[in-house]
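Survey of secondary and tertiary structure
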Amino acid sequence: MYNQAWADAFHRVFAPKILLFLLQGLKNTMYIAVVTILLSLILGTILGLMRSGKVKPLRVLAAVYIETVRNIPLTLFIIGMRFMTKLPPLESGIAAMTVFTSAVVAEIVRGGLNSVHPGQWEAAHSQGFGYVGAMLFVILHQSLRRIRSPLTGQFVTTIKDTSFCALVGTYELSFASKIAAAHKTIVTAEDILVIYLLVAAAYYAVCSIFAYFARRQKEQVGQTIAKPPQA
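Below or above, wherever it landed, is the structure these notes cover. Keep in mind it's a predicted model, so treat the numbers as computed, not measured. (Residues numbered from 1 in each chain as written. Predicted model: local features only at pLDDT ≥ 70, side-chain atom pairs only at ≥ 80, totals over all residues. Heavy atoms only, no water.)

**Description of helix α5 (residues 89-115)**
- With 27 residues, α5 ought to run about 39 Å at 1.5 Å a step, and its terminal C-alpha atoms sit 39 Å apart, in line with that.
- Approximately 25° is the largest bend angle found in α5, and it occurs at V99. (Helix = DSSP H or I, 4+ residues; strand = E, 2+ residues; numbered from the N terminus. Expected span 1.5 Å × (residues − 1). Bend = angle between axes of the 7 residues up to and from the residue.)

Here you go:
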């Protein structure tokens, strides 16, 4: 009878209506994560360049933004953006996560810039590049290759962080699971457990794929750095 209860739970949860509802939540989760990481990559790169630059006012401004944002919980940005702006739930979640994630990306970019050997600056200057030209065409290009792995890792974190948007009613995977658990066809504790196990499996599957690529990129970068120069 115990096994029958679980069999009935799987039958109810895997009904097309429930699965489509959860799938739409997963779709919105990926949409929030992808748009957030793209916007954060642009803003974070600008902030990273500002903080690593020679213009003191810009360097201070970037440092204040990064340190302030990184020391405030993401949930406060999500709540504030939702209730202090007129943005719809999905867009407010993207905006809040972009504000937060861009500060993290900025530190990743700054770390990548600092990892480039100082001799590359000298080589760039010897080719006639000024500071801006050397940064754009030599230093930034090399640093972006080195930070692909941590950026992919941050993307994995961003996917998981989208679950915080459920706090303000944003229709993503975590919020969809709560609504699905309250559906009239979900009647037992086993039903609810199956829903959350399914959601956990979805997060695990998606994040594992990107984590795998992050590990591969880290290995490739390590092999490139360790490879001795050709005579």
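Having seen it, we continue.
**Thoughts on the nonpolar core**
- Counting 21 residues, the largest nonpolar core has V13, L22, F155, I159 and I195 as its most contacted members.
- Counting residues per element, this core draws most heavily on helix α10 (residues 189-226), which supplies 6 residues.
- Counting residues in each nonpolar core, the second largest holds 18 residues, with A62, M97, F100 and C165 among its members. (Core = buried A, V, L, I, M, F, W, Y, C linked by side-chain atoms within 4.5 Å. Buried < 20%, exposed > 50% of the residue type's maximum accessible area, 1.4 Å probe, protein only.)

**Observations regarding the packing of aromatic side chains**
- Using the criterion set out here, one finds 5 aromatic pairs in the structure.
- Ring centres of F10 and F14 lie 5.8 Å apart, and the angle between their planes is 20°; on these two criteria the pair is classed as stacked.
- Look at F10 and you get partly exposed, because its relative accessible area is 40%.
- Look at Y212 and F213: their rings are 5.7 Å apart centre to centre, the planes differ by 65°, and that puts the pair in the edge-to-face class.
- Since its relative accessible area comes to 38%, Y212 is described here as partly exposed.
- Given the relative accessible area of 44%, F213 is considered partly exposed.
- Lying over the aromatic face of F83, R82 brings its terminal NZ or CZ to 6.0 Å of the ring centre. (Phe/Tyr/Trp six-rings, centres within 6.5 Å; stacked < 30°, edge-to-face > 60°. Lys NZ or Arg CZ within 6 Å of the ring centre and 35° of its normal.)

**Quick look at the packing of helix α2 (residues 16-52) against helix α3 (residues 56-70)**
- One way to put it is that α2 packs onto α3 with a least axis distance of 7 Å and a crossing angle of 130°. With respect to α3, the axis of α2 lies oblique. Seen from above, α2 lies across α3 with left-handed handedness. Facing L43, L47, M50 and R51 of α2, the residues of α3 in contact are L58, R59, L61, A62, A63, Y65, I66 and E67.
- Of the residues in the contact of α2 with α3, the class split is 9 nonpolar, no polar and 3 charged. (Axes fitted to C-alpha atoms, helices over the stretch in contact; angles between N-to-C directions. Parallel < 35°, antiparallel > 145°, perpendicular 65-115°, else oblique. Left-handed = near helix turned anticlockwise from the far one by under 90°. Contact = heavy atoms within 4.5 Å. Nonpolar A, V, L, I, M, F, W, Y, C, P; charged D, E, K, R; others polar.)

**Quick look at a nonpolar patch on the surface**
- On the surface, a nonpolar cluster with roughly 250 Å² of combined accessible area is contributed by F10, F14 and L19.
- Relative to the elements of secondary structure, F14 occurs in the loop between α1 (2-13) and α2. (Patch = residues over 30% accessible without salt bridge, like charges linked within 9 Å, V, L, I, M, F, W, Y side chains within 5 Å. Areas by Shrake-Rupley, 256 points an atom, 1.4 Å probe, with all protein chains shown as cover. Salt bridge = Lys/Arg side-chain N within 4 Å of Asp/Glu carboxyl O.)

**Concerning the side chain of T170**
- The topology assignment puts T170 in the loop between α8 (148-161) and α9 (173-181).
- Judged by relative accessible area, T170 falls into the buried class, the value being 0%.
- Looking at T170, its side chain comes within polar contact range of the main-chain oxygen of P89, at 3.3 Å.
- If we skip the residues at most four places from it in the chain, T170 touches I32, P89, L90, C165 and F175. (Polar contact = N/O pair within 3.5 Å; in protein donor to acceptor, adjacent residues only side chain to side chain.)

**Details of the pattern of salt bridges**
- If you walk through the whole model with that rule in mind, you get 5 salt bridges.
- When the shortest N-O distance is used, the salt bridge between R51 and E67 registers 3.2 Å. Placement of the pair is R51 in helix α2 and E67 in helix α3, with a sequence separation of 16 residues.
- The partly exposed category is assigned to E67, whose relative accessible area is 34%.
- Note that R70 is salt-bridged to E107, the shortest N-O span being 3.5 Å. Of this pair, R70 sits in helix α3 while E107 sits in helix α5, placing them 37 residues apart in sequence.
- Look at the salt bridges and you will find they share partners, linking R51, E67, R70, E107 and R110 into a network.

That is the geometry; function is a separate question.
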